[in-house]
Amino acid sequence: MTDPASAPLSVQREIARELQVDPEFDAGREIERRVAFLAERLTSTGLRSLVLGISGGVDSTTTGRLCQLAVERVRAAGQEATFYAMRLPYGVQADEADAQLALEFIRADRVLTVDVKPASDAALQAVLAGGAAFRDAHHQDFVHGNIKARQRMIAQYAVAGAHDGLVVGTDHAAEAVSGFFTKFGDGAADVVPLTGLTKRRVRAVAEALGAPAALVWKTPTADLESLAPGKPDEDALGVTYDDIDDFLEGKPVGEAAFEAIVRRYRLTAHKRELPVAP
Ligand SMILES: Nc1ncnc2c1ncn2[C@@H]1O[C@H](COP(=O)(O)OP(=O)(O)OC[C@H]2O[C@@H]([n+]3cccc(C(=O)O)c3)[C@H](O)[C@@H]2O)[C@@H](O)[C@H]1O
Ligand SMILES: Nc1ncnc2c1ncn2[C@@H]1O[C@H](COP(=O)(O)OP(=O)(O)OP(=O)(O)O)[C@@H](O)[C@H]1O
Ligand SMILES: [Mg+2]
């Protein structure tokens, strides 16, 4: 275990501060603060909608319900506001039932479905035809996964363009610290209401909102790789969300996890910054 009195704790504190992790947490207060934030962004920008992909995972289930509550609040104040929840499967999604359960819980104003498979596959084929070469089938499948995440971004921005909307992202502190998102894919958004929350705090917010337990406690997966369907995030990361959350909440973590988290945080700095300029 890391010694709380030694330098690692200051590294932990600095990263947690950078990622806006609050020392205190109260789910009810977070719900109010984040719904108010989304409502304020609609009011202050004069835009008319929120747009978000709903996967069936806990992050988008939570964010989706916050979005619906926000547009209802804006409408109650007399301004037009609509929440567009988007299903963005790659072909047929294995856990489609979870996505439908999430939509039932969220009760979005509108649900739009766009299959990202044709565009994702066409993009990969065009890149191959253009001369790009991958090391092996797994490398190609991994990059294809990031293409899928970016096609979801394109579909959401198209809907935001059509309906004067803001694209909502689901990034939170546990993903931000590990850089576990596709740059300019799911990492691209106009507003990120879960900012600063650890994964267990996202689950606590979901629970307080009344989300179904099957979604609150669902194993997180990016589900981007066709050769490894439904691969748990923790397998890809090589570190558990419990360790990541403990790290961010200033609790002691084992040395191996501590080092893995700090290494990932440093290696992925470019994903949390604007493009590098001379
Ligand atoms: N030092 C540096 N300075 C500036 N730019 C740098 C850079 N190093 C790489 N880059 C650029 O960044 C690119 C790599 O970033 P990126 O394309 O994102 O790719 P990468 O980080 O390699 O992969 C994304 C990871 O996020 C995971 N993910 C994605 C989407 C959702 C979720 C989820 O939690 O559900 C997880 C996914 O499974 C995968 O493990 C490079 O190709 C290069 O263009
Ligand atoms: N199949 C999908 N359909 C619609 N949106 C998706 C899909 N896959 C990913 N997304 C979008 O990309 C975001 C990032 O995916 P991510 O896996 O991190 O979140 P999640 O699935 O909501 O929760 P978890 O991380 O627990 O799996 C999602 O929150 C969602 O907005
Ligand atoms: Mg997921």
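Reading the values: rules and limits
Residues numbered from 1 in each chain as written. Chains lettered and ligands numbered in written order. Predicted model: local features only at pLDDT ≥ 70, side-chain atom pairs only at ≥ 80, totals over all residues. Axes fitted to C-alpha atoms, helices over the stretch in contact; angles between N-to-C directions. Helix = DSSP H or I, 4+ residues; strand = E, 2+ residues; numbered from the N terminus. Parallel < 35°, antiparallel > 145°, perpendicular 65-115°, else oblique. Left-handed = near helix turned anticlockwise from the far one by under 90°. Contact = placed C-beta atoms within 7 Å. Nonpolar A, V, L, I, M, F, W, Y, C, P; charged D, E, K, R; others polar. Core = buried A, V, L, I, M, F, W, Y, C linked by C-beta atoms within 7 Å. Buried ≥ 20, exposed ≤ 12 C-beta atoms within 10 Å, placed from the backbone. Near = placed C-beta within 6 Å. Pairing = 2+ DSSP bridges. Right-handed = clockwise from strand over helix to strand, strands pointing away. UniProt positions renumbered as here; feature names shortened; annotations may be inferred.

> Would you take a moment to explain the packing of helix α3 (residues 58–76) against helix α4 (residues 96–106) for this structure?
What describes two packed helices is the angle between their axes and the distance between those same axes. Viewed as axis vectors pointing N to C, α3 and α4 meet at an angle of 25°, and their least axial separation amounts to 9 Å. Taken together, α3 and α4 sit at an angle that is classed as roughly parallel. Our pair here, α3 against α4, has a crossing hand that is right-handed. Of α4, the residues touching α3 (which contributes S60, T61, G64, R65 and Q68) are A102, F105 and I106. A class-by-class count of the residues in the contact of α3 with α4 yields three nonpolar, four polar and one charged.

> What's the story with the nonpolar core in this structure? I'm lost.
Looking at soluble globular proteins, one finds that nonpolar side chains tend to be buried together. One finds L50, V51 and A70 to be the most contacted residues of the largest nonpolar core, which totals 62 residues. If you tally residues by element for this core, the top one is α3, at seven residues. Apart from residues lying up to four places away in sequence, V51 is in contact with Y84, M86, Q156, V159, A160, G165, L166, V167 and V168.

> I'm lost on the site of ligand 2 in this one. Help?
Around ligand 2, 19 residues are found, and the nearest of them are G53, S55, G57, S60 and P220. Elements represented by at least two residues in the shell around ligand 2 include exactly β1 (49–53), α3 and β2 (82–87). Ranked by residue count, the leading element in the shell around ligand 2 is α3, at three residues. Its residues assigned to classes, the shell around ligand 2 comprises eight nonpolar, seven polar and four charged.

> Looking at this structure, how should I read the pairing of strand β3 (residues 110–113)?
Moving residue by residue along a regular strand, the side chains alternate between the two faces of the sheet. Examined bridge by bridge, β2 and β3 share four bridges and lie parallel to one another. Note that in β3 the partner of A85 across the bridge is V111. Between the parallel pair β2 and β3, the chain is carried across by α4, and the sense of this crossover is right-handed.

> Would you take a moment to explain the UniProt feature "domain: NAD/GMP synthase" (unreviewed entry) in the protein chain for this structure?
As recorded in UniProt, the feature "domain: NAD/GMP synthase" (unreviewed entry) lies at residues 31–275. Overall, residues 31–275 shows 53% helix and 7% strand. The separation of its end C-alpha atoms is 32 Å.

> Mind showing me how you'd approach the packing of α3 against helix α8 (residues 199–209) here?
Close contact between α3 and α8 brings their axes to 9 Å; oriented N to C, the two are set at 50°. Put simply, α3 runs oblique to α8. α3 and α8 meet at a crossing whose hand is left-handed. Listed contacts from α8 to V58, D59, T61, T62 and R65 of α3 are V202, R203, V205, A206 and L209. In the contact of α3 with α8, the residues fall into five nonpolar, two polar and three charged.

> Could you clarify how one ought to interpret the site of ligand 1 in this entry?
Ligand 1 sits among 16 residues. The nearest are A149, T182, K183, A222 and H270. Elements with a minimum of two residues in the shell around ligand 1: α6 (137–162) and α10 (233–237). Per-class residue counts for the shell around ligand 1 are seven nonpolar, five polar and four charged.

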